[in-house]
Amino acid sequence: GEEPKHPTWNRLLEHCGVELNEYIPELPWCKDWGIVTGGHYLLAWVACMIPNPYSKLPYLFMYGPQNSGKTSFHEGLALLFTNGVVKADRALTSQYNGELSNAILAVIDEVDVNKTGPDVYNKLKEWVTGEMLAIHAKYKQVETVRSTLHFVQGANNRDALPVFPGDTRITAMNVPTL
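The notes below deal with the structure included here. Just so you know, these numbers come straight off a predicted model, no measurement behind them.

### What about the pattern of salt bridges?
Taken as a whole and assessed by the stated rule, the structure comprises three salt bridges. In this structure, lysine 87 engages aspartate 109 in a salt bridge whose closest nitrogen and oxygen atoms are separated by 3.9 Å. Here the residue lysine 87 occupies a position in strand 2 (residues 85–87), and aspartate 109 occupies one in strand 3 (residues 105–109), the gap between them amounting to 22 residues. Exposure remark for lysine 87: the relative accessible area of 46% places this residue in the partly exposed category. Across the pair arginine 169 and aspartate 167 runs a salt bridge whose closest N-O atoms are separated by 3.0 Å. Among the charged side chains, a network of salt bridges with common partners joins Lys87, Asp89 and Asp109.

Written as structure tokens, this is what we have:
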């Protein structure tokens, strides 16, 4: 019956999710689950990922100025996990993706997906929604595994990731200056 206390995490989550505050009250599923702020949304996102790594969650795209806290979100999560947090920049832009094997959280930092072309964007769509993941480590045979991937991308520019109207695979949020 004790309420968990994590004030530093709460401040980080509320700051990173502040732009979602405008939209959360309008979403029926958020009302159903008691999610009332962007910070609650991010907490629920993390809480879903931990006990069930096979759950499919939206791709988080955080954009905003340097030193706004975008990186603190995924670096903080990396402190919670003993392993399973990986940088996915190279896997995204090359034919090899061995680093994604057994990854729970894949971090993409400052990659402009908009400039890399449709192949990269299509790869992301497949990775976000696919139940299975083809792992192609360098000099090894392709191995298909059940996907545990969840993505966070940080960028300074909003245009670094195309988000099309009605696409529920991506949750984009501006993270303002601290």
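Having seen the model, we can carry on.
### Some remarks on the environment of cysteine 48
When you line up the elements, cysteine 48 lands in helix 3 (residues 38–49). Those residues in contact with cysteine 48 that sit more than four places away from it in its chain are Ser55 and Leu57.

### So, the sheet that holds strand 7 (residues 170–174)
Strand order in the open sheet formed by five strands is 2-3-6-1-7, with parallel pairing between adjacent strands. Both outer strands of the open sheet, strand 2 and strand 7, are each paired with one neighbouring strand and no more. This sheet shows a mean twist of 20° between the axes of neighbouring strands, independent of strand direction. Of the strands in this sheet, strand 1 (59–63), strand 3, strand 6 (150–155) and strand 7 touch helix 7 (residues 118–129), which is tilted by about 140° from strand 6.

### Remarks on the pairing of strand 6
Where burial is concerned, most of strand 6 is hidden: six out of the six residues are buried. The two faces of strand 6 match: His150, Val152 and Gly154 on one face and Phe151, Gln153 and Ala155 on the other face are all buried. As paired elements, strand 1 and strand 6 share four bridges and run parallel to each other. From the neighbouring strand, tyrosine 63 faces strand 6, where its bridge partner is alanine 155. Pairing of strand 3 with strand 6, which is carried by five bridges, proceeds in the parallel orientation. Residue pairing across strands places valine 107 opposite valine 152, the latter belonging to strand 6.

Definitions and limits used
- Residues numbered from 1 in each chain as written.
- Predicted model: local features only at pLDDT ≥ 70, side-chain atom pairs only at ≥ 80, totals over all residues.
- Heavy atoms only, no water.
- Salt bridge = Lys/Arg side-chain N within 4 Å of Asp/Glu carboxyl O.
- Helix = DSSP H or I, 4+ residues; strand = E, 2+ residues; numbered from the N terminus.
- Buried < 20%, exposed > 50% of the residue type's maximum accessible area, 1.4 Å probe, protein only.
- Contact = heavy atoms within 4.5 Å.
- Pairing = 2+ DSSP bridges.
- Axes fitted to C-alpha atoms, helices over the stretch in contact; angles between N-to-C directions.

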